[in-house]
Amino acid sequence: MTIQVQKTATASGEALDAPMFDPAAYRLTAEQADIISRARQLGQSVLAGRAATWDREATFPTENYKDLHRAGLLGISVPKALGGLGAGYQTYALTAAEIGRYCGATALTWNMHVCSTLWSGPLADDLDMEDDVRAEHQRRRAIHYKRIVEDGAIYSQPFSEGGAAAAGGVAFGTEAKPVKGGWLVSGKKIFASLSGHADYYGVLCTEISEGEKASRRNTLYLAIPAKSEGVSVVGDWDPLGMRGTVSRTLVFKDVFVDEDAALMPRGVYFQAAMRWPHMFMTLSPTYMGLAQAAYDFTVKYLRGEVPGMPPVKRRMYPTKQIAVAQMQIKLEQIKGIWFQAVTEARANPTKEQVLRAYAAQYSVMEGANELAALAIRTCGGQSMLKTLPLERIYRDSRCGSLMLPWTAELCLDRIGREALYEPGETDE
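Residues numbered from 1 in each chain as written. Predicted model: local features only at pLDDT ≥ 70, side-chain atom pairs only at ≥ 80, totals over all residues. Heavy atoms only, no water.

Details of the confidence of the model for the chain
Residues shown with low pLDDT carry predicted positions that ought not to be read at fine detail. Per-residue pLDDT for the chain averages 95, and the proportion of residues at 70 or more is 97%. Contacts from residues 1–5, a stretch scored under 50 in pLDDT, to residues over four places away or in other chains number 11 contacts. (pLDDT = per-residue confidence, 0-100. Contact = heavy atoms within 4.5 Å.)

Shown next, in the form of structure tokens:
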């Protein structure tokens, strides 16, 4: 892949923001730096200016996806041999953080799209499969990747069902009944980002033959075409934050799905959930970006450098300086643990690495909103106006700690339990 020359300004001539993770300081390759820079340039010059519209109207950022496709970022984790950028987990996470810095809803929905390729690509390559199963998987995923790279097809990843399934506690209630040539899928997904806007819904469901009981081991990951008979989108979408994700409820009623729709072979998703826990951290980059955005706004505001506002400086007050120092310390703490966690993502991580992943998830999801709240207090009443991005950043960041499968509460529970107990240990 040709490495592009790094730019220092946007198309409009505005100085380009410094990268969140400096390539030299964080020992990134030139190729990684190029991919991440694409996202930062697109985010600052294009996505940031549209973010208020998607938020205000609670509409999906369709135009942003056209730009992501043109930039090659819809296929960020598609192998190079199949026309993508070939990015692994760490590169994806750092790129998503840069997008989240400028438009949280775009970054969060883009995550749902990219996971269809990240999970079926680099992640699946780390897992055990018989040779014939792997060959069939590679054939099938190439079908999906071609749609994305050539046609700009958008995939989603509806996960939640309102119960314990999304947290890994029980089997998914959405069921896939085997029939000739594929499956009949029935069930529903709530908080299903991209509902009505994705071309394919990457649905996690439980394969159940006649007379069998539901088991997590039989989870399938199927890409259901949005226009399939029996697929419907219901309900309204008017939430506190992340309004542009358009996460309405998806309903599936005896939807026929052919065998080539499988994004993972039988049994591989369960293996991934057991052996590749960092796969459930992919929501966190968006909130890492929002944490940076809250800090960025505060510095620009106090320096009198917010576009469209009078150049009034407020940086000379000691209380403002102390607040910025507190924000800088908090941001660096979050960035440090999060970068380490996404760098350690792999199959079969150590217990320490898994505990650090939980801690990083908790730190980002709670810390982003803490930074946004401190930013509002520091910048004052004007920062709460919807004409400025901080109010939106605050609302968007409040949602992170609630998101399955690793909510803030679940992270705390697992850290405490797994730190004190080895597998199989009890107090009896």
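As for the packing of aromatic side chains
Counted by the stated rule, this structure contains 17 aromatic pairs. Note on Phe-21 and Tyr-26: the rings are 5.0 Å apart at their centroids and 80° apart in plane angle, and the pair reads as edge-to-face. Relative accessible area serves as the criterion here: at 5%, Phe-21 is assigned to the buried category. According to the relative accessible area criterion, Tyr-26 is partly exposed, its value standing at 22%. Their ring planes at 20° and their centres at 4.8 Å tell us that Tyr-155 and Tyr-200 sit as a pair that is stacked. Here the residue Tyr-155 occupies a position in strand S1 (residues 155–156), and Tyr-200 occupies one in strand S4 (residues 200–207), the gap between them amounting to 45 residues. Residue classification places Tyr-200 among the buried residues on the basis of a relative accessible area of 16%. Linked through ring pairs, Trp-119, Phe-159, Phe-172, Tyr-221, Tyr-269, Phe-280, Tyr-358 and Trp-406 together constitute an aromatic cluster. (Phe/Tyr/Trp six-rings, centres within 6.5 Å; stacked < 30°, edge-to-face > 60°. Buried < 20%, exposed > 50% of the residue type's maximum accessible area, 1.4 Å probe, protein only. Helix = DSSP H or I, 4+ residues; strand = E, 2+ residues; numbered from the N terminus.)

A short note on helix H11 (residues 408–420)
Counted at 1.5 Å a residue, the expected span for H11 with its 13 residues is 18 Å, and the 19 Å between its end C-alpha atoms agrees. Within H11 the residues assigned to the buried category are Ala-408, Cys-411 and Arg-414. Considered in projection along H11, the buried side chains sweep an arc of 125° and stay on one side of the axis. Exposed residues on H11 whose side chains face more than 90 degrees from its buried face are Glu-409 and Leu-420. Tucked into the core, H11 has its buried residues touching helix H9 (351–379). (Expected span 1.5 Å × (residues − 1). Arc of directions from axis to C-beta.)

Considerations on helix H1 (residues 30–57)
The terminal C-alpha atoms of H1 lie 39 Å apart, and with 28 residues this matches the ideal 40 Å at 1.5 Å per residue to within 8%. Where H1 bends most, the angle comes to about 50°, and this point is Leu-47. (Bend = angle between axes of the 7 residues up to and from the residue.)

Examining the pattern of salt bridges
Counted by the stated rule, this structure contains 28 salt bridges. Residue Asp-125 pairs with Arg-141 through a salt bridge whose shortest N-O separation is 3.1 Å. With Asp-125 in helix H4 (residues 104–125) and Arg-141 in helix H5 (residues 131–151), this residue pair connects regions lying 16 residues apart in the sequence. Among the ionic pairs, Arg-140 bridges to Glu-136, the shortest N-O distance being 3.5 Å. Residue Arg-140 and its partner Glu-136 are located together in helix H5, separated by four residues, close to a single helical turn. Using a relative accessible area of 15% as the deciding quantity, one classes Arg-140 as buried. (Salt bridge = Lys/Arg side-chain N within 4 Å of Asp/Glu carboxyl O.)

What to know about the state of the cysteines
Taken as a whole and judged by the stated rule, the model has zero disulfides. You can see Cys-205 has no disulfide; the closest cysteine sulfur is in Cys-115, sitting 17 Å from it. Overall, Cys-205 belongs to the buried group, its relative accessible area being 0%. (Disulfide = S-S within 2.5 Å.)

Digging into the packing of helix H7 (residues 284–303) against helix H10 (residues 390–398)
Two numbers describe how H7 lies on H10: the axes approach to 10 Å, and their chain directions differ by 150°. One element, H7, and the other, H10, form an angle in the roughly antiparallel class. The crossing of H7 and H10 is left-handed. Residues Tyr-287, Leu-290, Ala-293, Ala-294 and Phe-297 of H7 form the contact with H10, whose participating residues are Leu-390, Ile-393, Asp-396 and Ser-397. For the contact of H7 with H10, the class distribution of residues is seven nonpolar, one polar and one charged. (Axes fitted to C-alpha atoms, helices over the stretch in contact; angles between N-to-C directions. Parallel < 35°, antiparallel > 145°, perpendicular 65-115°, else oblique. Left-handed = near helix turned anticlockwise from the far one by under 90°. Nonpolar A, V, L, I, M, F, W, Y, C, P; charged D, E, K, R; others polar.)

A few points about the pairing of strand S3 (residues 182–189)
Bridge analysis of strand S2 (residues 175–179) against S3 gives five bridges, and the strand direction is antiparallel. When the bridges of S3 are listed, Pro-178 appears paired with Trp-183. Following S2, the chain reverses through two residues before pairing antiparallel with S3; Gly-181 in that reversal takes a positive phi of roughly 85°. (Pairing = 2+ DSSP bridges.)

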